[in-house]
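Fold and contact review
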Amino acid sequence: VLQAGTITQYTATLNEFNTTWNGSNAYCQLVFTASDPIGEATDVTVMLNETGITTGISTYTFNVLGSFTAEPLITITVNAVTGGTGATLNIYNATTGQGISLTRNWTAGDIIEIDCKNYGVEVNTVESDYDGIFLVLPAGTQALTQSNTFTTVDMDIYATYKKRTV
(Lines give C-alpha, C1' and ligand atoms only; values in the text may rest on other atoms or scores of the structure.)
Protein backbone atom coordinates (compact mmCIF):
# COMPACT_ATOMS: atom_id res chain seq x y z
CA VAL A 1 0.00 0.00 0.00
CA LEU A 2 1.36 3.44 -0.89
CA GLN A 3 0.87 5.87 2.01
CA ALA A 4 2.27 9.40 1.98
CA GLY A 5 4.89 8.41 -0.58
CA THR A 6 6.06 5.33 1.36
CA ILE A 7 5.34 1.72 0.48
CA THR A 8 3.80 0.13 3.58
CA GLN A 9 3.37 -3.62 4.07
CA TYR A 10 0.50 -5.21 5.98
CA THR A 11 -0.06 -8.87 6.85
CA ALA A 12 -3.46 -9.78 5.44
CA THR A 13 -5.62 -12.71 4.36
CA LEU A 14 -7.70 -12.76 1.19
CA ASN A 15 -11.37 -13.09 2.22
CA GLU A 16 -13.21 -12.53 -1.05
CA PHE A 17 -12.47 -12.62 -4.75
CA ASN A 18 -15.37 -11.29 -6.83
CA THR A 19 -15.48 -11.00 -10.61
CA THR A 20 -18.01 -8.96 -12.56
CA TRP A 21 -18.17 -9.03 -16.36
CA ASN A 22 -19.17 -6.05 -18.48
CA GLY A 23 -19.03 -7.26 -22.06
CA SER A 24 -15.47 -8.43 -22.68
CA ASN A 25 -14.10 -6.60 -19.61
CA ALA A 26 -13.69 -8.34 -16.26
CA TYR A 27 -13.68 -6.31 -13.03
CA CYS A 28 -12.15 -8.01 -10.01
CA GLN A 29 -12.74 -7.06 -6.40
CA LEU A 30 -10.31 -8.38 -3.80
CA VAL A 31 -11.23 -8.09 -0.11
CA PHE A 32 -8.49 -8.59 2.47
CA THR A 33 -8.54 -8.65 6.27
CA ALA A 34 -5.40 -7.42 8.00
CA SER A 35 -4.46 -9.72 10.87
CA ASP A 36 -2.27 -6.92 12.23
CA PRO A 37 -3.51 -3.35 11.76
CA ILE A 38 0.05 -2.00 11.95
CA GLY A 39 1.72 -1.45 8.59
CA GLU A 40 5.49 -1.29 8.24
CA ALA A 41 7.47 0.60 5.60
CA THR A 42 9.58 -1.51 3.26
CA ASP A 43 12.54 0.89 3.50
CA VAL A 44 14.49 1.98 6.57
CA THR A 45 14.67 5.47 8.02
CA VAL A 46 17.91 6.71 9.55
CA MET A 47 17.16 7.80 13.10
CA LEU A 48 20.65 8.70 14.22
CA ASN A 49 24.11 8.95 12.65
CA GLU A 50 26.57 10.31 15.19
CA THR A 51 30.32 9.91 14.73
CA GLY A 52 33.32 10.72 16.88
CA ILE A 53 31.52 10.53 20.24
CA THR A 54 34.10 11.12 22.98
CA THR A 55 31.97 11.94 26.03
CA GLY A 56 30.89 9.84 29.01
CA ILE A 57 27.29 10.86 28.42
CA SER A 58 25.49 12.44 25.47
CA THR A 59 21.89 12.83 24.32
CA TYR A 60 20.63 13.03 20.75
CA THR A 61 17.19 14.28 19.70
CA PHE A 62 15.38 13.05 16.58
CA ASN A 63 11.87 12.63 15.18
CA VAL A 64 10.19 9.21 14.86
CA LEU A 65 7.99 9.26 11.75
CA GLY A 66 4.75 7.36 11.29
CA SER A 67 1.82 6.97 13.68
CA PHE A 68 3.06 4.01 15.73
CA THR A 69 6.11 3.06 17.75
CA ALA A 70 9.57 2.45 16.31
CA GLU A 71 11.79 -0.46 17.34
CA PRO A 72 15.25 0.64 16.21
CA LEU A 73 18.30 -1.28 15.08
CA ILE A 74 21.23 0.44 16.80
CA THR A 75 24.83 -0.13 15.73
CA ILE A 76 27.68 1.21 17.86
CA THR A 77 31.28 1.07 16.71
CA VAL A 78 34.03 1.53 19.31
CA ASN A 79 36.87 3.19 17.39
CA ALA A 80 39.19 3.66 20.38
CA VAL A 81 38.86 3.03 24.11
CA THR A 82 40.88 3.13 27.33
CA GLY A 83 39.58 1.85 30.63
CA GLY A 84 37.44 -0.70 28.82
CA THR A 85 38.02 -3.58 31.27
CA GLY A 86 34.76 -4.34 33.08
CA ALA A 87 33.24 -1.11 31.72
CA THR A 88 29.56 -0.44 31.03
CA LEU A 89 27.87 1.09 28.00
CA ASN A 90 24.23 2.21 28.33
CA ILE A 91 21.85 3.13 25.50
CA TYR A 92 18.43 4.36 26.60
CA ASN A 93 15.38 6.49 25.85
CA ALA A 94 16.15 9.77 27.61
CA THR A 95 12.46 10.33 28.43
CA THR A 96 11.49 6.93 29.84
CA GLY A 97 14.87 5.55 30.90
CA GLN A 98 14.05 2.35 28.98
CA GLY A 99 17.19 0.87 27.51
CA ILE A 100 20.04 -1.62 27.41
CA SER A 101 23.24 -1.87 29.48
CA LEU A 102 26.27 -3.90 28.45
CA THR A 103 29.13 -4.63 30.83
CA ARG A 104 32.19 -6.39 29.42
CA ASN A 105 35.83 -5.93 28.49
CA TRP A 106 35.82 -3.48 25.59
CA THR A 107 38.47 -3.07 22.91
CA ALA A 108 38.89 -0.84 19.89
CA GLY A 109 37.03 -2.31 16.92
CA ASP A 110 34.11 -3.72 18.93
CA ILE A 111 30.83 -3.49 17.03
CA ILE A 112 27.62 -3.66 19.04
CA GLU A 113 24.24 -4.32 17.43
CA ILE A 114 21.07 -3.82 19.47
CA ASP A 115 18.04 -5.12 17.56
CA CYS A 116 15.01 -3.81 19.45
CA LYS A 117 12.49 -5.40 17.08
CA ASN A 118 13.92 -8.93 17.28
CA TYR A 119 15.16 -8.63 20.89
CA GLY A 120 18.81 -9.37 20.31
CA VAL A 121 22.17 -7.92 21.32
CA GLU A 122 25.39 -8.90 19.58
CA VAL A 123 28.97 -7.80 20.08
CA ASN A 124 31.20 -8.60 17.12
CA THR A 125 28.39 -10.79 15.65
CA VAL A 126 28.21 -12.96 18.80
CA GLU A 127 25.15 -12.91 21.06
CA SER A 128 25.91 -10.96 24.20
CA ASP A 129 24.51 -10.74 27.72
CA TYR A 130 22.80 -7.47 28.59
CA ASP A 131 20.58 -5.89 31.21
CA GLY A 132 17.49 -3.82 30.59
CA ILE A 133 14.57 -3.46 28.23
CA PHE A 134 14.66 -3.00 24.47
CA LEU A 135 13.75 0.47 23.29
CA VAL A 136 10.28 1.16 21.91
CA LEU A 137 10.02 4.76 20.75
CA PRO A 138 6.63 6.46 20.25
CA ALA A 139 6.06 8.55 17.12
CA GLY A 140 7.17 12.16 17.51
CA THR A 141 10.18 13.87 19.06
CA GLN A 142 12.39 11.46 21.00
CA ALA A 143 15.83 11.50 22.62
CA LEU A 144 18.41 8.74 22.90
CA THR A 145 21.16 8.89 25.52
CA GLN A 146 24.43 6.99 25.64
CA SER A 147 26.46 6.83 28.82
CA ASN A 148 29.58 4.85 29.61
CA THR A 149 32.20 4.23 32.27
CA PHE A 150 35.21 4.27 29.92
CA THR A 151 38.26 6.38 30.78
CA THR A 152 38.33 7.65 27.19
CA VAL A 153 36.37 6.59 24.13
CA ASP A 154 35.80 7.39 20.48
CA MET A 155 32.69 5.72 19.10
CA ASP A 156 29.97 6.05 16.47
CA ILE A 157 26.25 5.39 16.83
CA TYR A 158 24.09 4.62 13.81
CA ALA A 159 20.40 3.76 14.26
CA THR A 160 17.61 2.95 11.82
CA TYR A 161 13.98 1.85 12.01
CA LYS A 162 11.09 1.04 9.73
CA LYS A 163 8.30 3.60 9.91
CA ARG A 164 5.08 2.01 11.17
CA THR A 165 1.53 3.22 10.58
CA VAL A 166 -1.80 2.35 12.16
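Residues numbered from 1 in each chain as written. Predicted model: local features only at pLDDT ≥ 70, side-chain atom pairs only at ≥ 80, totals over all residues. Heavy atoms only, no water.

1. With respect to the nonpolar core
I74, I76, W106, I112 and I114 are the most contacted members of the largest nonpolar core, which totals 32 residues. Listing elements by their share of this core, those giving two or more residues are β6 (45-53), β7 (57-64), β8 (73-82), β9 (87-93), β10 (99-104), β11 (111-115), β12 (120-123) and β16 (152-161). Among the elements that take part in this core, β16 stands out by supplying five residues, more than any other. Leave out the neighbours within four places in its chain, and I112 touches I74, T75, I76, V78, L89, L102, W106, E122 and V123. (Core = buried A, V, L, I, M, F, W, Y, C linked by side-chain atoms within 4.5 Å. Buried < 20%, exposed > 50% of the residue type's maximum accessible area, 1.4 Å probe, protein only. Helix = DSSP H or I, 4+ residues; strand = E, 2+ residues; numbered from the N terminus. Contact = heavy atoms within 4.5 Å.)

2. Here's the deal with the sheet that holds β6
An order of β6-β16-β8-β11-β12-β13 is seen for the six strands of this open sheet, with the pairing classed as antiparallel. Where the open sheet ends on each side, the last strands, each with one partner, are β6 and β13 (126-127). Bridge analysis of β11 against β12 gives four bridges, and the strand direction is antiparallel. Paired with I114 across the two strands is V121, which belongs to β12. (Pairing = 2+ DSSP bridges.)

3. Remarks on the sheet that holds β9
If you walk across this open sheet you meet the five strands as β7-β15-β9-β10-β14, and the pairing is antiparallel. Each having just a single partner strand, β7 and β14 (131-132) make up the two edges of the open sheet. Looking at chain direction, β7 and strand β15 (residues 140-148) are connected through eight bridges and run antiparallel. If you follow I57 over to β15, its bridge partner there is S147.

4. Quick word on the packing of aromatic side chains
Summed over all chains, the structure comprises three aromatic pairs. Aromatic pair W106 and F150: ring centres 5.9 Å apart, planes at 80°, arrangement edge-to-face. Separated by 44 residues along the polypeptide, W106 in the loop between β10 and β11 and F150 in the loop between β15 and β16 bring together distant segments of the chain. The exposure class of W106 is buried, given its relative accessible area of 4%. For F150, a relative accessible area of 8% puts it in the buried group. With a centroid separation of 5.6 Å and 65° between ring planes, the pair formed by Y119 and F134 is classed as edge-to-face. Remark: F134 occurs in the loop between β14 and β15 and Y119 occurs in the loop between β11 and β12; sequence separation between them is 15 residues. A residue is classified by how much of its surface remains accessible, and Y119, at 54% relative accessible area, is exposed. (Phe/Tyr/Trp six-rings, centres within 6.5 Å; stacked < 30°, edge-to-face > 60°.)

Purely geometric numbers; function is a separate question.
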